[in-house]
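Inside the fold
Residues per chain, in single letters:
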Amino acid sequence: MEDFSLAALKSLILANQLITAGVLSLLVSAVFVWKYWEQVSYFLIRVWHSFPLVGTVARLARKPSSVDSDGWINHEVTLAGVYYREFKKYVKGPDAYNASLDYLAKAGEAGRPPRPAWVLFLVVGLVLIEAMGFAYVLAGWMNMDASTNDRHLLTAGTAILLAVASAIFAEAAGHTVHHNTLIARARHWWQGEEPSKRSRSLKANKAINLEDSFSDDNSPDYEQLLARMKDVNSNVSRKFLWLIVCGAFVASMAVGAFVVRSATLDSIETEMVNGMRAEASAQSDSGIGSPFDLPDESQAINDEAEDATITDKMEAIRQASLTTYVMLSLIYIAIQGISIWLASKYYFAGTHSYTAWRLTHKYATAEEMMDAMDLHRTAIASHADDKLRRLQTKLSSRDHTNSGVLAALEGESSAHRNFLAYVEYKAGKVTQRAAIQPAPSAQPAAVAVVPPVETVTAPTVGETAPAVAIESIASIKASEFHDVTGLAEESLAVASRALNVTEAQLREIREQQQTLKTLGLFPTKTEGTLS
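Anyway, here's the lowdown on the structure attached to this text. Here the structure is a predicted model, which is why all the values come from computation and not from measurement.

**Here's the deal with the overall build of the chain**
Scanning the chain for helices and strands turns up 20 helices and zero strands. Within the chain, the proportion of its 531 residues that are buried is 33%. Pairs at least 24 apart in sequence give 79% of the contacts found in the chain among residues at least 6 apart. Within the structure as shown, the chain displays about 30,900 Å² of accessible surface, and the carbon and sulfur contribution to it stands at 61%.

This is the structure we're talking about:
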């Protein structure tokens, strides 16, 4: 890159204004999509559903239809299921809000935000500055045999690669700094507790889920913190790998840049000294034969004075250049330090801290969150109902040979199949599907307790009991089951044995009841709450 300078870069940008504008627009759009990906992806789903001919509604309307035992057409279930996945994100109650705040507090990350957009732009700007600095360093030392354009591309590519590598190492080092800070805090708390009350060695307990954050209220604060951190090693010790890698890389780049610049300076000095001496020699030669020529002794003194002047001038230039090069290396180290600090400041070391932050940062109270969630659910239900009506209209315009489909498409029948009805249908369907799967431990347990000397009637009873239980459970929907919405996670195992269902089935029933309760569809009658 023989003519790499800010003026050359400006000329390149002005000569390719459309390309420059396109690249900048692409970068800004990418950042916007990354920042609001959930909203953008949901908008694209809605657009694709409504797209003519090849959209989801149009394609489903052309496929063969069938009706299940609850009167739902298979295509309605498929379409509503897409919106149900989005709908579930906003089925949160006050307990979820309070649990999220509790999780962040116990993880030591209350009040910590994720990386804002301005920090991202700042990091990108720092990377570009580093790339330009590397390009200046590498410009005169790339492949000398390559053409000028090839050297431009090679220099720019290498400089960007080094800048991106610097940013990645700084990001990893910043994460490690925050992780080590929390580890040190937990170890400090553990060491500060009375030896009789603390464990012999510090270790991380089983990870705590977000919804179960209150389950360890009675545990020591250091155990609460470690149970929420990710990537905790068995010794609960600090990590230094990425710090060492980043430090070695930064030191190598800073020293390497200084060495390359110094070598470049030596080359420039040689050219400048030769040029000055050639100019002085030419002036001396032009005065040969002049009556004003100095004697040989005076000429020698004059030459020595000129050499001393050149030496002093080059020494001053060298000192100023070396000082500048040291400052540039220090600026690079400072940029890396800023990047590490930003990465440590805007990073969540907790496993579910970012999810907890997203659920709480916009709302001052749980009531505000509930109001916002209700607006989101209403909007999603409205979007889903619109697509279901379009699908039902298209299906009605086709000829069907299935009598069940014809009956389901009748006006009064199809009017009841809206999205909220699908939510209730989904709750009962999932619960019923989970219930028909027999518990794997039921049969072995029944057989294991049967003594070998017993008569054959004992195993017969043991074999028929699970079948009767499964048949009774299969007919129960979440809306008709006992209210288990307040059941804690650690009580699921005991309650599942008491209710003759598996722990997975009881957990699914609890989730479905919580969804219905948020919508005001549960409980439908007075029931006893299990807690």
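**Focus on the nonpolar core**
Among the nonpolar cores identified, the biggest contains 33 residues, and Leu 79, Tyr 83, Leu 391, Phe 419 and Tyr 422 are the most heavily contacted of them. If you list the elements that add at least two residues to this core, you get helix 4 (56-62), helix 5 (74-88), helix 13 (366-396), helix 14 (403-408) and helix 16 (419-435). Tallying contributions element by element places helix 13 first for this core, with 10 residues. Residues contacting Leu 391, with those up to four places away along its chain left out, are Val 57, Leu 60, Ala 61, His 75, Glu 76 and Leu 79. Ranked by size, the runner-up nonpolar core spans 18 residues in total, among them Val 127, Ala 135, Tyr 332 and Tyr 346.

**Details of the pattern of salt bridges**
Opposite charge on two side chains lets them pair, provided their charged atoms get close. Taken as a whole and assessed by the stated rule, the structure comprises 11 salt bridges. In this structure, the salt-bridge partner of Glu 38 is Arg 358, at a minimum N-O distance of 2.8 Å. A residue pair is termed long-range when its members are at least 10 positions apart, and Glu 38 in helix 3 (residues 37-50) and Arg 358 in helix 12 (residues 353-360) qualify at 320 residues. Of the residues examined, Glu 38 reaches a relative accessible area of 26% and is grouped as partly exposed. Its relative accessible area of 38% is what places Arg 358 among the partly exposed residues. The network of salt bridges with shared partners includes Asp 102, Lys 106, Asp 216, Asp 217 and Arg 228.

**Section: helix 6 (residues 94-106)**
Its 13 residues place the ends of helix 6 18 Å apart at the C-alpha level, agreeing with the 18 Å of an ideal helix rising 1.5 Å per residue. The complete set of buried residues in helix 6 reads Tyr 97, Ala 99, Ser 100, Asp 102, Tyr 103, Leu 104 and Lys 106. Packed against the buried residues of helix 6 are helix 9 (221-228), helix 12 and helix 13. A positive backbone phi angle near 75° is found at Gly 108, which sits one or two residues after helix 6.

**Quick notes on a nonpolar patch on the surface**
On the surface, a nonpolar cluster with roughly 690 Å² of combined accessible area is contributed by Phe 43, Leu 44, Val 47, Trp 48, Phe 51, Leu 53 and Val 54. Here Val 54 is to be found in the loop between helix 3 and helix 4. Of the residues examined, Val 54 reaches a relative accessible area of 40% and is grouped as partly exposed.

**What to know about the side chain of Gln 336**
Mapped onto the secondary structure, Gln 336 falls in helix 11 (residues 296-345). When sequence neighbours within four positions are dropped, the list of residues in contact with Gln 336 reads Glu 130, Ser 166, Ala 170 and Val 250.

**Details of the packing of helix 3 against helix 5**
The N-to-C vectors of helix 3 and helix 5 enclose an angle of 170°; their axes lie 12 Å apart at closest approach. Our classification of the angle between helix 3 and helix 5 gives roughly antiparallel. Residues Tyr 42, Ile 45, Arg 46 and His 49 of helix 3 form the contact with helix 5, whose own contacting residues are Leu 79, Val 82, Tyr 83 and Glu 86. For the contact of helix 3 with helix 5, the class distribution of residues is five nonpolar, one polar and two charged.

**Structural notes on the environment of Leu 161**
Among the structural elements, Leu 161 can be located in helix 8 (residues 148-192). The class for Leu 161 is exposed, based on a relative accessible area of 58%. The spatial distance from the C-alpha of Leu 161 to the C-alpha of Ala 131 is 8.1 Å, given a sequence separation of 30 residues.

**So, the side chain of Ser 329**
Within the element layout of this structure, Ser 329 appears in helix 11. Discounting residues that sit within four places of it in the chain, Ser 329 has contacts with Ala 254, Phe 258 and Arg 261.

**Regarding the environment of Val 405**
Topologically, Val 405 is positioned in helix 14. Sequence spacing of Val 405 and Ser 66 is 339 residues, and the spatial spacing of their C-alpha atoms is 6.1 Å.

**Digging into a positive patch on the surface**
Positive charge collects at one region of the surface, where Arg 59, Arg 62, Lys 63 and Lys 394 lie side by side. You can see Lys 394 is positioned in helix 13.

How each quantity is defined
- Residues numbered from 1 in each chain as written.
- Predicted model: local features only at pLDDT ≥ 70, side-chain atom pairs only at ≥ 80, totals over all residues.
- Heavy atoms only, no water.
- Helix = DSSP H or I, 4+ residues; strand = E, 2+ residues; numbered from the N terminus.
- Buried < 20%, exposed > 50% of the residue type's maximum accessible area, 1.4 Å probe, protein only.
- Contact = heavy atoms within 4.5 Å.
- Areas by Shrake-Rupley, 256 points an atom, 1.4 Å probe, with all protein chains shown as cover.
- Core = buried A, V, L, I, M, F, W, Y, C linked by side-chain atoms within 4.5 Å.
- Salt bridge = Lys/Arg side-chain N within 4 Å of Asp/Glu carboxyl O.
- Expected span 1.5 Å × (residues − 1).
- Patch = residues over 30% accessible without salt bridge, like charges linked within 9 Å, V, L, I, M, F, W, Y side chains within 5 Å.
- Axes fitted to C-alpha atoms, helices over the stretch in contact; angles between N-to-C directions.
- Parallel < 35°, antiparallel > 145°, perpendicular 65-115°, else oblique.
- Nonpolar A, V, L, I, M, F, W, Y, C, P; charged D, E, K, R; others polar.
- Lys, Arg positive; Asp, Glu negative; His and termini not counted.
- Charge placed at Lys NZ, Arg CZ, Asp CG, Glu CD.

Just distances and angles here, no functional claims.
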